[in-house]
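Descriptive structure summary
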Amino acid sequence: MEGAPLFLVFLGAPGAGKGTQARLLSEKLGIPQVSTGDIFRENLNKGTKLGLLAKGYMEKGELVPDEITVAMVKERLSRPDCARGAILDGFPRTIAQAEALDRILAEKGASLTAVPYIKVSEEVLLARLSGRWICRNCGAVYHMIYNPPKVPGICDICGGELYQREDDKPEVAKNRLKVYFEQTAPLIEYYKRRGLLVEVNGEQSIEKVQEDLEAIIESHDCP
Ligand code: ADP
Ligand code: ADP
Ligand code: ZN
């Protein structure tokens, strides 16, 4: 398998720890983290056309339509830094997106290596979302109780200002979980059927979850 690209999908509900884990693993493996949520938020901040298209959906905790999201991911995966693979975090979120991803990878002569599913119970998810703080500058993710920064309100890595996402407020967060159970949870079965799903206990420490993910990747014979 020398040189085979490594494409991973991190599956899990909002707050499961996908972004936290994808960022750590991306640094270790030297392949990019492709987070659709992060790309939408960047576009929103910059006031691009894509950002304006996504805004209303994101504010309500609804999914941005598949066509828009798929086109964005297709463009992102076509860039040279994805030649050796990528860690997809927050995509796919519907069966139609999963089918589109299969086609995008097939066109590149690639396929998914594995789909780690980070499993966390619903009560824990809400507690994680309500305490999540993000660096405005570098996107690093903290939790005010479970993973606090050394200095409150300031990013350990870059000194940037930390903020709470509007859509992490309880009303919108609850809707995001509902949308997850209705539209995204069916992907668990979709990837199980293809023998790609590997369940990880997401209620362990950040370090232990990372170890489990590394073990999964090693067992899949990666670059
Ligand atoms: P997702 O990308 O799946 O929505 P995040 O990676 O943003 O999830 O994590 C959600 C929140 O939970 C963040 O505040 C993060 O610091 C915290 N968190 C992530 N992993 C763990 C963990 N294993 N234990 C406790 N808190 C965690
Ligand atoms: P979390 O990991 O906490 O669920 P994300 O940052 O992944 O949040 O997503 C934030 C919002 O961006 C979603 O609620 C949705 O509006 C939009 N979004 C992100 N990824 C997708 C996707 N694959 N399909 C449709 N909408 C998406
Ligand atoms: Zn930072």
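In what follows, the structure referred to is the one given above.
The residue count restarts for each chain, going from 1 along the sequence in the order it is written. Going through the entries in the order they are written, you letter the chains from A and number the ligands from 1. Given that this is a predicted model, residues contribute local features only at a pLDDT of at least 70 and side-chain atom pairs are listed and counted only at 80 or more, while totals for whole chains, interfaces and linings are drawn from all residues. Excluding hydrogens and water, the side-chain figures rest on all heavy atoms present in the structure.

To form a nonpolar core, buried Ala, Val, Leu, Ile, Met, Phe, Trp, Tyr and Cys residues must be joined to one another through side-chain atoms within 4.5 Å. Any residue under 20% of the maximum accessible area for its type is buried, any over 50% is exposed, and the rest in between are partly exposed; the area is computed with a 1.4 Å probe on protein chains only. Membership of the largest hydrophobic core comes to 54 residues, with the highest contact counts inside it found for Leu77, Leu101, Leu112 and Tyr191. Residue contacts are defined here by distance: any two heavy atoms, one from each residue, within 4.5 Å place the two residues in contact. Setting aside residues up to four positions removed in sequence, Leu77 forms contacts with Phe7, Val34, Cys82, Ala86, Leu88, Leu101, Ile104, Leu105 and Lys108. In this structure, Ala140, Tyr142, Cys155 and Leu162 belong to the second largest nonpolar core, which totals 5 residues.

On to the packing of aromatic side chains, then. Pairing of aromatic rings covers Phe, Tyr and the six-membered ring of Trp, with a centre-to-centre limit of 6.5 Å; geometry is then stacked below 30 degrees between planes, edge-to-face above 60, and tilted otherwise. Under the criterion given, the structure shown has 2 aromatic pairs. When the centroid spacing of 5.0 Å and the interplanar angle of 85° are considered together, the rings of Tyr190 and Tyr191 count as edge-to-face. Exposure remark for Tyr191: the relative accessible area of 0% places this residue in the buried category. If you follow Arg136 out to its NZ or CZ, it ends over the ring of Tyr163, 4.5 Å from the centre. In our convention, an over-ring charge means Lys NZ or Arg CZ found within 6 Å of a ring centre and within 35 degrees of that ring's normal.

Attention now goes to the packing of helix H7 (residues 170–184) against helix H8 (residues 186–193). The N-to-C vectors of H7 and H8 enclose an angle of 35°; their axes lie 5 Å apart at closest approach. Where H7 approaches H8, its residues Tyr180, Phe181, Glu182, Gln183 and Thr184 are matched on the opposing element by Pro186, Leu187 and Ile188. When grouped by side-chain class, the residues that make up the contact of H7 with H8 number 5 nonpolar, 2 polar and 1 charged. Structural elements are reduced to axes, namely lines fitted to C-alpha atoms, with helices fitted over the stretch in contact, and the angle between N-to-C directions of any two is expressed from 0 to 180 degrees. Put simply, DSSP H or I for four residues or longer makes a helix, DSSP E for two residues or longer makes a strand, and each gets a number counted from the N terminus. Gly counts as polar in this scheme, as do all residues outside two lists: the nonpolar Ala, Val, Leu, Ile, Met, Phe, Trp, Tyr, Cys and Pro, and the charged Asp, Glu, Lys and Arg.

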